[in-house]
Amino acid sequence: MDRDKFFMERALRLAEKGVGSTSPNPMVGAVLVKDGEIIGEGFHKKAGEPHAEVLALKQAGERARGAELFVTLEPCSHYGRTPPCVQAIIKAGVTGVVAAMEDPNPLVSGRGIKMLEEAGIQVRVGVMEERARKLNEVFIKYITTKKPFVVGKIAQSLDGKIALSSGISRWITGEPARIRAHELRSRYDAVMVGIGTVLADDPLLTCRLPGREKDPVKIVVDSTLKIPVNARLFQDSGKVIIAATQKADRQKMRVLKELGADIIETESNGGDMVNLPQLFEILGTMGITGVLVEGGSRLLASLSKEELLDKLIIFVAPRLIGAEGLSSVGNLFVDELKKTPRFTIGSLEQIGEDIMLEAYKG
Ligand code: AOF
Ligand code: ZN
């Protein structure tokens, strides 16, 4: 492996340690190198806490003079919750910076690179860029659009079914895949389901993982507030948001608020359904950067029709269920192949006996 890749790989691995805790900030890792040796390392842990570069500089101390910095994101040039890293880098006497990608944050986007160059520092951008972009796909969408990155999660049979005709669905995939699916919850600010899933499965929607600081926000799309007051997701910790329409029953709304739920009322979109584009805009203003949608088939179909699904993560179990089973995605009412929603396969991985497949919109 060449030198650039070797150190950037290390920086990416450090960045990954921030998974699930940096929102709304990106995951960033930094490595300071002098005479072929790592003299300082750091990763961003949490918004408001020091940036990766600053931690690496601190560890290196005086030795940073004349060193080269490998960082997974362009160093910042702005005053946010913390002062600009560019200043600290220049002050420390670093002579070269290698960044995996430009910072998509409109407050930075190239300014950091420019300031470093103006200070006489050699800057290179684009080493392992694809990996860095994938690592921060949620941040990239959110910081540039103020809307959350939306991921649909499905656990299905080879023939695309998520339950028997009786509704039985436990368990289609094996345990290793189910553990992986569960871990996904810790990566996103919110987990979302449709009311059909709450009525059928009564899920907890928590992320019972050790070391996790906060549970994801639980969001139920429930246009007419059918959710039972004794639903299990109220019993556990973690904020609950229910998305309804303005037609929803006021009395039920009060009861749900007393249970601690926040209600988002979207404007009518002609029908009786929740206005999903508006819902995601509101969630964005609330600082929710990424949403994992765990079903059911109707919600996934609606999201697909509205072109709101940025990514699908599909666990496929090697079994057949048959046409009488429940399809993973509800009716799309497409009459031409060229109008079917298109995705591009991102990755494919075998997990136990199952396959995990990532597909991106477009
Ligand atoms: C991070 N961690 O290691 C780097 C970031 O509010 P602040 O001061 O934490 O600034 C957040 C912005 O700083 C973030 O959106 C990104 O543009 C830039 N770089 N952020 O949280 C880091 N290097
Ligand atoms: Zn910074």
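Since this is a predicted model, take the numbers as computed values, not measurements. (Residues numbered from 1 in each chain as written. Chains lettered and ligands numbered in written order. Predicted model: local features only at pLDDT ≥ 70, side-chain atom pairs only at ≥ 80, totals over all residues.)

Caption draft 1: Representation of unusual backbone geometry. Of note, the bond from Arg 170 into Trp 171 is cis; its omega dihedral lies within 30 degrees of zero at -15°. Assignment of secondary structure puts Trp 171 in the loop between strand 7 (161–163) and helix 7 (175–184). In this chain, Gly 295 is followed by Gly 296 through a cis amide linkage whose omega measures 0°. Looking at where Gly 296 falls in the secondary structure, it is placed in the loop between strand 12 (290–293) and helix 12 (297–305). Positive phi, close to 55°, is recorded for Met 128, a residue that is not glycine. When you line up the elements, Met 128 lands in the loop between strand 5 (122–125) and helix 5 (129–135). With 20 C-beta atoms counted inside 10 Å, the residue Met 128 sits in the buried group. Phi is positive for Leu 225, which is not a glycine, with a value near 55°. With respect to the element layout, Leu 225 can be found in the loop between strand 9 (217–221) and helix 9 (232–235). (Helix = DSSP H or I, 4+ residues; strand = E, 2+ residues; numbered from the N terminus. Buried ≥ 20, exposed ≤ 12 C-beta atoms within 10 Å, placed from the backbone.)

Caption draft 2: Quick peek at the pairing of strand 13 (residues 311–317). Among the seven residues of strand 13, five are classified as buried, and the element is accordingly described as predominantly covered. Pairing between strand 6 (residues 149–157) and strand 13: seven bridges, direction parallel. Across the sheet, the residue bridging to Lys 153 is Ile 313, located in strand 13. Across six bridges, strand 13 lies against strand 16 (residues 354–361) in antiparallel orientation. Its bridge partner lying in strand 16, Ile 313 is registered against Glu 358. (Pairing = 2+ DSSP bridges.)

Caption draft 3: A look at the packing of helix 2 (residues 52–60) against helix 3 (residues 85–92). Put simply, helix 2 and helix 3 touch, their axes get as near as 9 Å, and they point 25° apart. Between helix 2 and helix 3, the angle falls in the class roughly parallel. The interaxial crossing formed by helix 2 with helix 3 has left-handed handedness. Contact residues: helix 2 offers Glu 53, Val 54 and Leu 57, while helix 3 offers Cys 85, Ala 88, Ile 89 and Ala 92. Tallied by class, the residues present in the contact of helix 2 with helix 3 amount to six nonpolar, no polar and one charged. (Axes fitted to C-alpha atoms, helices over the stretch in contact; angles between N-to-C directions. Parallel < 35°, antiparallel > 145°, perpendicular 65-115°, else oblique. Left-handed = near helix turned anticlockwise from the far one by under 90°. Contact = placed C-beta atoms within 7 Å. Nonpolar A, V, L, I, M, F, W, Y, C, P; charged D, E, K, R; others polar.)

Caption draft 4: Representation of the domain arrangement of the chain in the model. Each domain of the chain was delimited in the assignment, giving domain 1 (1–137) and domain 2 (145–359). Computed over C-alpha atoms, the centres of domain 1 and domain 2 are 35 Å apart. Taken together, the contacts link six residues of domain 1 with eight residues of domain 2. Split into classes, the residues belonging to the side of domain 1 that touches domain 2 amount to two nonpolar, three polar and one charged. (Domains from an automatic or database assignment.)

Caption draft 5: Main features of the sheet that holds strand 1 (residues 29–34). Strand order in the open sheet formed by five strands is 2-1-3-4-5, and the pairing between neighbours is mixed. Two strands in the sheet have a free side with no partner beyond their single neighbour: strand 2 (37–43) and strand 5. When strand polarity is set aside, the average angle formed by the axes of neighbouring strands in this sheet is 15°. Pairing of strand 4 (residues 96–99) with strand 5, which is carried by four bridges, proceeds in the parallel orientation. Paired with Gly 96 across the strands is Gln 122, a residue of strand 5.

Caption draft 6: Broad picture of the site of ligand 1. Asn 25, Val 28, His 51, Gly 80 and Asn 105 are the nearest of the 18 residues found near ligand 1. A breakdown of the residues in the shell around ligand 1 according to their chemical character gives nine nonpolar, six polar and three charged. (Near = placed C-beta within 6 Å.)

Caption draft 7: Expanded view of the UniProt feature "binding site: Zn(2+)" (unreviewed entry) in the chain. In the UniProt entry, the feature "binding site: Zn(2+)" (unreviewed entry) is given for His 51, Cys 76 and Cys 85. These annotated residues cover 35 residues of sequence, and their C-alpha atoms lie no more than 9.0 Å from one another, placing them together at a single site. Relative to the helices and strands, His 51 is located in the loop between strand 2 and helix 2. Once residues lying within four places of it in the same chain are set aside, the contact partners of His 51 are Val 28, His 44, Cys 76, Thr 82 and Cys 85. Structurally, Cys 76 can be placed in the loop between strand 3 (68–71) and helix 3. Once residues within four sequence positions are removed from consideration, Cys 76 is found in contact with His 51, Pro 84, Cys 85, Val 86, Asp 103, Val 108 and Gly 112. (UniProt positions renumbered as here; feature names shortened; annotations may be inferred.)

Caption draft 8: Up close: helix 12. Those residues of helix 12 lying buried are Ser 297, Leu 299, Leu 300, Ser 302, Leu 303 and Ser 304. Remark: Glu 307 follows helix 12 within two positions and exhibits a positive phi of approximately 55°.

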